[in-house]
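Structural features, examined
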Amino acid sequence: MDYSNLRRQITFMKKSFFDQGYLDEQFHQLEELQDESSPNFVEEVVVLFLKDSPRLLSNIEQTIGKYPQDFYRLDSLVHQLKGSGSSIGAVRMKNECSVFKAHCNDRNLEGCRRSLQKMKREHATLKQKLESYFQLLRQVGPREHAVNSRN
Amino acid sequence: MASSLKALLVEDTAVQRMVLSALLRKQFHCEITMAENGKEAVDMFLEGNTFDIVFCDKDMPIMTGPEAVGKIRAMGATDVKIVGVSTDFEAMEAFMSAGADVFVPKPIRLDVVEPMIQEVINKKNN
């Protein structure tokens, strides 16, 4: 695939993330922090999130399975996930975390279970999309990485 | 904006530390020190470290943000600007009661933090 086609595909892909509500303005803020001194900053932050978040999701799942229910701990775990997700602009994950927290507040275990399944699906989808996006970015090379872009 | 402000970042989550430290360093040229919980932050003040501004998360292991803020103020560190941060707006009351100067919701936005940094710079230069 030639450079201009790749560039178009990257632009279209990123636009779709925003149009479909996977990412919000915070992702643009991450891009603003990327420069020649840290040309892979956005990918590094996203990789860190994608590395850390499965652990949190697993801890949430384990805690849901415990008896008696520990809604305080569940709320604390989801709070961490919400904060991390919002830091990269993962708006769907952030919103589902808010739903989960509301279920914790209501001590609604079944609601928490349903919300967790949604969070896991959203996480898997986001992971797949962002990994594909950065794979394409790597194909166009360092020049693309170092340039702040809102395209 | 070049500042050379000394900023303490109190945050237990690695992703959030990474993003906020980059924002403060790249946009405002702050000298960043990090603490992973409230106790580490308090210990830094006890060791005699001084900071121009503190960004403090609320929910952290060992010691929460508001508790750390209360202890920092109680040891006489009244000049340092303390910014409480959280994804939950309910955290504002806890931070302000503990002695924080301001509360900002997460994720921290550049247009929100810029006037705070400028205020601290102006105060330091006067």
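An unreviewed UniProt entry annotates chain B as Response regulatory domain-containing protein of Hordeum vulgare subsp. vulgare.

In the nomenclature of an unreviewed UniProt entry, chain A corresponds to Histidine-containing phosphotransfer protein from the organism Hordeum vulgare subsp. vulgare.

1. Re the environment of A:Val42
All names here are of chain A. Counting through the fold element by element, Val42 comes out in helix H3 (residues 41-64). The buried category is assigned to Val42, whose relative accessible area is 4%. Measuring from C-alpha to C-alpha, the distance between Val42 and Gln69 comes to 37 Å, with 27 residues separating the pair along the chain. Setting aside anything within four residues of it in sequence, one finds Val42 in contact with Phe27, Leu30, Glu31, Gln34 and Phe134.

2. Regarding the packing of aromatic side chains
Residue and element names in this part refer to chain A. For the structure on display, the rule yields seven aromatic pairs over all chains. A connected cluster of aromatic rings, assembled from ring pairs, spans Phe17, Phe18, Phe27, Tyr133 and Phe134. Between the NZ or CZ atom of Arg92 and the centre of the ring of Tyr22, over which it lies, the distance is 4.0 Å.

3. Description of the confidence of the model for chain B
Residues of chain B with pLDDT of at least 70 account for 98%, and the chain-wide mean is 94. The ipTM, which scores confidence in the relative placement of chains, is 0.87 for this predicted complex, and the corresponding pTM is 0.90.

4. Overview of the nonpolar core
Of all hydrophobic cores here, the largest spans 64 residues; its most connected members are A:Ile60, A:Phe100, B:Leu24, B:Phe55 and B:Ile117. Per element, the largest residue contribution to this core is 11 residues, and it comes from helix H6 (residues 109-140) of chain A. Each residue touching A:Ile60, except ones within four places of it in the same chain, is listed here: A:Leu74, A:Leu77, A:Val78, A:Leu81, A:Phe100, A:Leu116 and A:Met119. B:Ala35, B:Ile82, B:Ala100 and B:Phe103 belong to the second largest nonpolar core, which has 23 residues in total.

5. Regarding the UniProt feature "domain: HPt" (unreviewed entry) in chain A
Within this numbering scheme, the UniProt entry marks residues 38-133 of chain A as carrying the feature "domain: HPt" (unreviewed entry). This span, residues 38-133 of chain A, is 85% helix and 0% strand, and a straight line between its end C-alpha atoms measures 18 Å.

6. Considerations on the sheet that holds strand E3 (residues 53-57) of chain B
All names here are of chain B. Spatially, the five strands line up as an open sheet ordered E2-E1-E3-E4-E5, and their pairing is parallel. Two strands close off the open sheet at either side, each with one partner strand: strand E2 (31-35) and strand E5 (102-105). Each adjacent strand pair in this sheet contributes to an overall mean axis angle of 20°, direction not counted. Note that E3 and strand E4 (residues 81-86) share five bridges and pair parallel. Residue pairing for E4: Phe55 is matched across the bridge by Val83. Across the sheet, helix H2 (residues 38-46) is in contact with strand E1 (6-10), E2 and E3; its angle to E2 comes to roughly 125°. Packed onto the sheet, helix H4 (residues 91-98) meets E3, E4 and E5 and runs at close to 155° relative to E5.

7. Things to note about the interface of chain A and chain B
Between chain A and chain B, the residue contacts involve 23 residues of the former and 19 residues of the latter. Summing both partners gives a buried area of about 1,700 Å² for chain A against chain B, and 63% of it is carried by carbon and sulfur. Ranking the residues of chain A by area buried against chain B places A:Gln29, A:Leu33 and A:His79 at the top, with a combined share of 32%. Between A:Lys101 and B:Asp88 there is a salt bridge, with the nearest N and O atoms lying 3.3 Å from each other. Summed over the shared surface of chain A and chain B, the result is nine residue pairs in polar contact (both at pLDDT 80 or more).

8. A few points about the UniProt feature "modified residue: 4-aspartylphosphate" (unreviewed entry) in chain B
Residue and element names in this part refer to chain B. The UniProt record annotates "modified residue: 4-aspartylphosphate" (unreviewed entry) at Asp57. On the secondary structure map, Asp57 appears in strand E3. Taking relative accessible area as the criterion, Asp57 reaches 3% and is therefore assigned buried. If we ignore the near neighbours within four places in the chain, the residues touching Asp57 are Val10, Glu11, Asp12, Gly65, Val85, Ser86, Phe95 and Lys106.

9. Description of the confidence of the model for chain A
In the predicted model, chain A carries a mean pLDDT of 91, and the fraction of residues at 70 or more is 93%. Here residues 145-151 of chain A is a poorly scored stretch, pLDDT under 50, and it has 22 contacts once near neighbours within four places are set aside; other chains count.

How each quantity is defined
- Residues numbered from 1 in each chain as written.
- Chains lettered and ligands numbered in written order.
- Predicted model: local features only at pLDDT ≥ 70, side-chain atom pairs only at ≥ 80, totals over all residues.
- Heavy atoms only, no water.
- Helix = DSSP H or I, 4+ residues; strand = E, 2+ residues; numbered from the N terminus.
- Buried < 20%, exposed > 50% of the residue type's maximum accessible area, 1.4 Å probe, protein only.
- Contact = heavy atoms within 4.5 Å.
- Phe/Tyr/Trp six-rings, centres within 6.5 Å; stacked < 30°, edge-to-face > 60°.
- Lys NZ or Arg CZ within 6 Å of the ring centre and 35° of its normal.
- pLDDT = per-residue confidence, 0-100.
- Core = buried A, V, L, I, M, F, W, Y, C linked by side-chain atoms within 4.5 Å.
- UniProt positions renumbered as here; feature names shortened; annotations may be inferred.
- Pairing = 2+ DSSP bridges.
- Axes fitted to C-alpha atoms, helices over the stretch in contact; angles between N-to-C directions.
- Buried area = accessible area lost by both parts, 1.4 Å probe.
- Salt bridge = Lys/Arg side-chain N within 4 Å of Asp/Glu carboxyl O.
- Polar contact = N/O pair within 3.5 Å; in protein donor to acceptor, adjacent residues only side chain to side chain.

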